[in-house]
Every structure is written in C-alpha cells, then in structure tokens.
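What follows is the residue order along each chain.
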Amino acid sequence: MKPFFKFVSLILHPILIPIAGTVTYFLVTPKYSPAELQAGNILPVLILTVIIPLICIMILKNLGVITSVFLPSLADRIYPLIIGITLLITVVVKVLPTNYTIELYYFFVGLISAASACLLLVILKYKSSLHLAGMGSLLMFLIALSIHFEINITLAIGMWTIASGLAATATLYLKHHSKAEMLIGFLIGFISQLLTIQFWL
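Let me sum up the structure you'll find in this document. (Residues numbered from 1 in each chain as written. Predicted model: local features only at pLDDT ≥ 70, side-chain atom pairs only at ≥ 80, totals over all residues. Heavy atoms only, no water.)

1. What about the packing of helix H2 (residues 17–28) against helix H5 (residues 102–123)?
At a minimum axis distance of 11 Å, the contact between H2 and H5 shows a crossing angle of 160°. It follows that H2 is roughly antiparallel to H5 by the angle criterion. Crossing of H2 over H5 shows right-handed handedness. When H2 is examined against H5, the residues Ile-17, Pro-18, Gly-21, Thr-22, Tyr-25 and Phe-26 are found in contact with a partner set consisting of Glu-103, Leu-104, Phe-107, Phe-108 and Leu-111. (Axes fitted to C-alpha atoms, helices over the stretch in contact; angles between N-to-C directions. Helix = DSSP H or I, 4+ residues; strand = E, 2+ residues; numbered from the N terminus. Parallel < 35°, antiparallel > 145°, perpendicular 65-115°, else oblique. Left-handed = near helix turned anticlockwise from the far one by under 90°. Contact = heavy atoms within 4.5 Å.)

2. Re the packing of aromatic side chains
The description of two aromatic rings rests on the distance between their centres and on the angle between their planes. Counting across every chain of the model gives 10 aromatic pairs. With centroids separated by 5.1 Å and ring planes inclined at 70°, the aromatic side chains of Tyr-25 and Phe-26 adopt a geometry described as edge-to-face. Of the two residues examined, Tyr-25 and Phe-26, each falls in the buried class. Ring geometry for Tyr-106 against Phe-199: centres 5.4 Å apart, planes inclined by 15°, an arrangement best described as stacked. Here Phe-199 lies in the segment after helix H8 (179–196) and Tyr-106 lies in helix H5, a separation of 93 residues in the sequence. (Phe/Tyr/Trp six-rings, centres within 6.5 Å; stacked < 30°, edge-to-face > 60°. Buried < 20%, exposed > 50% of the residue type's maximum accessible area, 1.4 Å probe, protein only.)

3. Let's talk about the pattern of salt bridges
Across all of its chains, the model carries 1 salt bridge by this definition. Close ionic contact of Glu-103 with Lys-31 constitutes a salt bridge, the shortest N to O distance being 3.2 Å. Placement of Glu-103 in helix H5 and of Lys-31 in the loop between H2 and helix H3 (35–62) is noted, with a sequence separation of 72 residues between them. According to the relative accessible area criterion, Glu-103 is buried, its value standing at 2%. (Salt bridge = Lys/Arg side-chain N within 4 Å of Asp/Glu carboxyl O.)

Encoded structure:
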C-alpha cells in the first residue's frame, strides 16, 4: 500500500493545484473564452507554478537544503514556500491582469493567502498540511464556481471531495502529518478561498 499512497501524494501534490484550478475554470465557465485567452492564462501558469517550482525543488534537494519533495520537516518548507508565494504573486501581477478573468484572479489571491498562512505557521514552528491546504482551496473554488455560474458540477465537487479524503488517508498512512495538522491545513485552504469570493461571487 505504501507505493500506492506515495503515488496518491505525488499526483495530488499542492504544486499542481494552481494549474488544476486554472484548467478547471476554463472547462466549466460558460463565458466565451477564445483559445488565445485560455493559452494566455494556462501556459504561463503552468510554467510559473509547476515547471519553475519543480526545477527549484530539484536544485534545493541536490544542494541538501530539502530532504524530500514531500517537505516532511519544518526546515524543508521555508524556501519552497517563499519561492511558491513569489511565483503566485508573479501570476497575479503579471499574467492575470493582461488576460483578465476575475474568478481566476481571486483564486490566486486565495492561494497566496493560504501559502502565506502556512509559511507563518512554519515560522511559528507549526507544520500544517500543504496537501490538504491545496485540496481545500480547490474544493471551495469549485463550489464557488458552481454557485457563481449557476451550473451543476456536483460530480466534479464530489470527485474532488473523495480525492481530498484520499489525500488525507495517504498523508496519515505515510505519517507525514497528524490529524490536527491536516485539519488546519484544509481549513487554511478552504477559508482563504471563502474570504475572496465576496469580491467576485
């Protein structure tokens, strides 16, 4: 079971949440989105939030700054979180205003808030679950999109809820976090998105 749960943790890694939210948005939005607009958002987001962070993580691991891509210790989390927040801010400042989609803009604002809260907890010597923070962020975003566009995406919400449970199970099985750390992580992600929807819902 251990290889399976490691695979689950890998495919549901928080580094994939920004691009997952971006692609999901364009899949469910009823607003007209030309290919140029979609590419203008998806490609930069993919580069800035997946490819560059992966390269940075590999460099940090080779330098011995972090011990694993799962960032098991508090010390492992500081530099990846700082890099991640910087790149998310770059998306908000440089990418989204030129291809303006208000829902995505505030989704990324929520992600920045969640990542910043997780970094603050690390500074305070507390380790929240980044996996569950990502899962909570995207779940709340899906719920908000469903309400905002008045569309039925219950299947997607249900599947992501199951995926969140699977991520939590994998985290517990691999002993990466306690139940309290997972709950706090999930609430950080969920509430960060909840606080932003007042600006676009």
